[in-house]
Amino acid sequence: MDHSHHTRLAAGELTPAVLEGAAIYDAADHKIGTVSHVHGSGAASQIVVDVGGFLGLGAKPVAVPVSDLAFMRGEDGDVHAVTSWTKESLEQMPEHKHH
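Residues numbered from 1 in each chain as written. Predicted model: local features only at pLDDT ≥ 70, side-chain atom pairs only at ≥ 80, totals over all residues. Heavy atoms only, no water.

K.L.:
Please provide a residue-by-residue account of the environment of histidine 3, values included.
P.N.:
Tracing the sequence through the fold places histidine 3 in the segment before strand S1 (7–8). When the C-alpha atoms of histidine 3 and glycine 33 are compared, they prove to be 17 Å apart, with 30 residues separating the residues in sequence. Not counting residues up to four positions away in its chain, the partners in contact with histidine 3 are Asp29, Met72, His80 and Val82. (Helix = DSSP H or I, 4+ residues; strand = E, 2+ residues; numbered from the N terminus. Contact = heavy atoms within 4.5 Å.)

K.L.:
Give me the lowdown on the pairing of strand S3 (residues 31–39), citing residues and values where you can.
P.N.:
The two faces of the sheet receive side chains in turn, since in a regular strand these alternate between them. The pairing of strand S2 (residues 23–25) with S3 spans three bridges and is classified as antiparallel. Bridged to isoleucine 24 within S3 is glycine 33. Taken together, S2 and the strand that follows it, S3, pair antiparallel across an intervening segment of five residues, in which aspartate 29 is found at a positive phi of about 70 degrees. The sheet contact formed by S3 and strand S4 (residues 46–51) spans five bridges and is antiparallel. By the bridge assignment, threonine 34 is partnered in S4 with aspartate 50. Following S3, the chain reverses through six residues before pairing antiparallel with S4; glycine 40 in that reversal takes a positive phi of roughly 85 degrees. (Pairing = 2+ DSSP bridges.)

Right under this line is the structure:
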């Protein structure tokens, strides 16, 4: 996917309503997860990403800082993110526990 024509989201757009359900892609443009939910808002938020599993079943939730993800809106309006994380590195992280 060519991200050069996609628009980066402004800090004010980094809200659960905008980010939840967004696909996460690694540097090689492979889908590695989906935003499950967001803790906080703006530049200080934590993004909980569901990694692994099949069709949403058995996915492992992990939390990463929003600064590790470049959220953008595609030409079709869909929000997605690109990260330097790999699927394997996310799967190695501790599971995020809901409090």
